[in-house]
Amino acid sequence: MLRAERLTKRFRSGNADLTILDELDLEIKPGEMVSIVGESGSGKSTLLHLLGALDKPTNGEVYFNGRPVSRLSEAERSELRNQAFGFVWQMHCLLPEFSARENVMMPLLVRGKSKQESGLRADTLLEQAGLSGRSGHRTGELSGGEQQRVALARALACSPKVLLADEPTGNLDARTGEKTMQLIESLHRENEMATILATHNLAFASRADRVLRLRNGRLEACEREVL
């Protein structure tokens, strides 16, 4: 469903080119959870940006259902992001002037859905996230864990095929992080989507179907026993 071939990303650093990803290959199957581990600065976030059509590679290609993503127009890429991908970051990036329910509704409204349909979908997802009683609260009235659960609900609003989660528990304490990870696993199963989890938390990483380590710009299989 999602495939990267010889994926390369370079950035200009002073007078030299800095290679972050170096002819990286990756294939994600429908319904699979894959975790990506690696040192800070190894390129995990860069990889997720490329896989989610938020950035373009220097060389190589990302394919979604056989379509080369970099060859799509900006409008087509935007539509692909809205319909096929859900994003969760270390910072929740919720809109502070809106309620939890309104934040979850936003991607659906952008997609052209009615307020009624968007609201019903938001209510369902917030219930799954255990936040039915907090749906009318604004971001500042929610705890860090609640904010991240709203962000997860928002990421799933458009029923994505792939969830891209970049350090989703990085700003949370151990107890709240565990609850968030359990929610990710539950939503992953219930929504039958592929999930790519970039994390420094090796215990969480080991719970995926596959664990890959990003090192020197490439991915290598990582056995759970060595985490």
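Counting starts from 1 at the beginning of each chain's written sequence and moves along it residue by residue. Side-chain atom pairs in this predicted model are given and counted only at pLDDT of 80 or more, local residue features only at pLDDT of at least 70, and totals for whole chains, interfaces and linings cover all residues. Only heavy atoms go into the side-chain values, all of them from the structure, while hydrogens and water stay out.

**A few points about the overall build of the protein chain**
- When you go through the protein chain residue by residue, the secondary structure sums to seven helices and 10 strands.
- Our radius of gyration looks at C-alpha atoms and nothing else; its globule reference is 2.2 Å times the residue count to the power 0.38. Expected size for 227 residues packed as a compact globule is a radius of gyration near 17 Å; at 18 Å, the protein chain falls within 12% of this value.
- Overall, the C-alpha framework of the protein chain stretches about 50 × 40 × 35 Å when taken along its three principal axes.
- When the 227 residues of the protein chain are sorted by exposure, 48% land in the buried category.
- Considering only residue pairs separated by 6 or more positions, the protein chain has 69% of its internal contacts joining residues 24 or more positions apart. Only DSSP runs of H or I reaching four residues or more are called helices, and only runs of E reaching two or more are called strands; each is numbered from the N terminus. Only protein chains enter the accessibility calculation, which uses a 1.4 Å probe. A residue is then buried if its area is under 20% of the maximum for its type, exposed if over 50%, and partly exposed in between. Any pair of residues with heavy atoms lying within 4.5 Å of one another is described as a contacting pair.

**A look at the pattern of salt bridges**
- Salt bridge, as used here, is a side-chain nitrogen of Lys or Arg placed within 4 Å of a carboxyl oxygen of Asp or Glu. Considering all chains together, one arrives at 13 salt bridges under this definition.
- In this structure, Arg12 engages Asp17 in a salt bridge whose closest nitrogen and oxygen atoms are separated by 3.0 Å.
- We note a salt bridge from Arg207 to Glu178, for which the minimum N-O separation is 3.0 Å. Separated by 29 residues along the polypeptide, Arg207 in the loop between helix H7 (202–205) and strand S9 (210–215) and Glu178 in helix H6 (residues 174–190) bring together distant segments of the chain.
- A cluster of three or more residues bridged by salt bridges with shared partners is formed by Arg6, Glu23 and Arg218.

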